[in-house]
Every structure is written in C-alpha cells, then in structure tokens.
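# Structure at a glance
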Amino acid sequence: MDAFTAGLLQRIRATQSDLRHARETGDDFLAEVEQAELEDLQRLAAEHGVPVTAAVPAC
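Since the structure is predicted, the reported quantities are computational estimates derived from the model, not experimental observations.

Definitions and limits used
- Residues numbered from 1 in each chain as written.
- Predicted model: local features only at pLDDT ≥ 70, side-chain atom pairs only at ≥ 80, totals over all residues.
- Heavy atoms only, no water.
- Helix = DSSP H or I, 4+ residues; strand = E, 2+ residues; numbered from the N terminus.
- Contact = heavy atoms within 4.5 Å.
- Areas by Shrake-Rupley, 256 points an atom, 1.4 Å probe, with all protein chains shown as cover.
- Expected span 1.5 Å × (residues − 1).
- Buried < 20%, exposed > 50% of the residue type's maximum accessible area, 1.4 Å probe, protein only.
- Arc of directions from axis to C-beta.
- Axes fitted to C-alpha atoms, helices over the stretch in contact; angles between N-to-C directions.
- Parallel < 35°, antiparallel > 145°, perpendicular 65-115°, else oblique.
- Left-handed = near helix turned anticlockwise from the far one by under 90°.
- Nonpolar A, V, L, I, M, F, W, Y, C, P; charged D, E, K, R; others polar.

### As for the overall build of the protein
- Counting its regular elements, the protein contains two helices and zero strands.
- Nonlocal contacts in the protein, meaning residues at least 24 apart in sequence, comprise 66% of its contacts between residues at least 6 apart.
- Of the roughly 3900 Å² of accessible surface on the protein, 54% is carried by carbon and sulfur atoms.

So, in structure tokens, the structure goes:
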C-alpha cells in the first residue's frame, strides 16, 4: 500500500470516528461537518481507485 492510500484510509477512519463521536454527543453541526468531510474523502478515494468499503468499516 502506498503512502497516499494509507494516508487517505487513515483520514477516513479518523473522520468516521469523529462523526460517530459528534452524533453520540448530539453535536449536530459537527456531525454535518464531519459527514461532508467523509463524503469528500470517499469521493477522492473513488477518483483514485482506492477501495474503501472493504478497508474501512461503515459508521
């Protein structure tokens, strides 16, 4: 796995964790921000052929 792929998957995992935390604490604004970030990262992964569904568990 190259550095780009590893870094992207790590950012996705961190964003998913932050999104879960925002939802659990009821921070709706932060949850929206994290959801948008996650969607951007998933789009970036798709554009570069990085499979995220198998590598990163869903929220």
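### A few points about helix α2 (residues 28-47)
- Look at α2: 29 Å from first C-alpha to last across 20 residues, which is about the 28 Å you get at 1.5 Å a residue.
- Listed in full, the buried residues belonging to α2 are A31, E34, L38, L41 and A45. Angular distribution of buried residues about the axis of α2 spans 90°; they occupy a single face of the element. Relative to its buried face, α2 has exposed residues pointing more than 90 degrees away, namely D28, F29, E32, A46 and E47.
- Close packing links the buried residues of α2 with α1 (3-25).
- Following α2 by one or two positions, G49 has its phi on the positive side, about 70°.

### What to know about the packing of α1 against α2
- Between α1 and α2, the least distance of the axes is 9 Å, while the angle of their chain directions is 160°. When the axes of α1 and α2 are compared, the pair comes out roughly antiparallel. The chirality of how α1 crosses α2 is left-handed. Note on element contacts: α2 touches α1 through L30, A31, E34, Q35, E37, L38, L41, L44 and A45, opposite F4, L8, R11, I12, T15, Q16, D18, L19, A22 and R23.
- The class makeup of the residues in the contact of α1 with α2 is eleven nonpolar, three polar and five charged.

Everything listed here is a matter of coordinates, which is why it stays silent on function.
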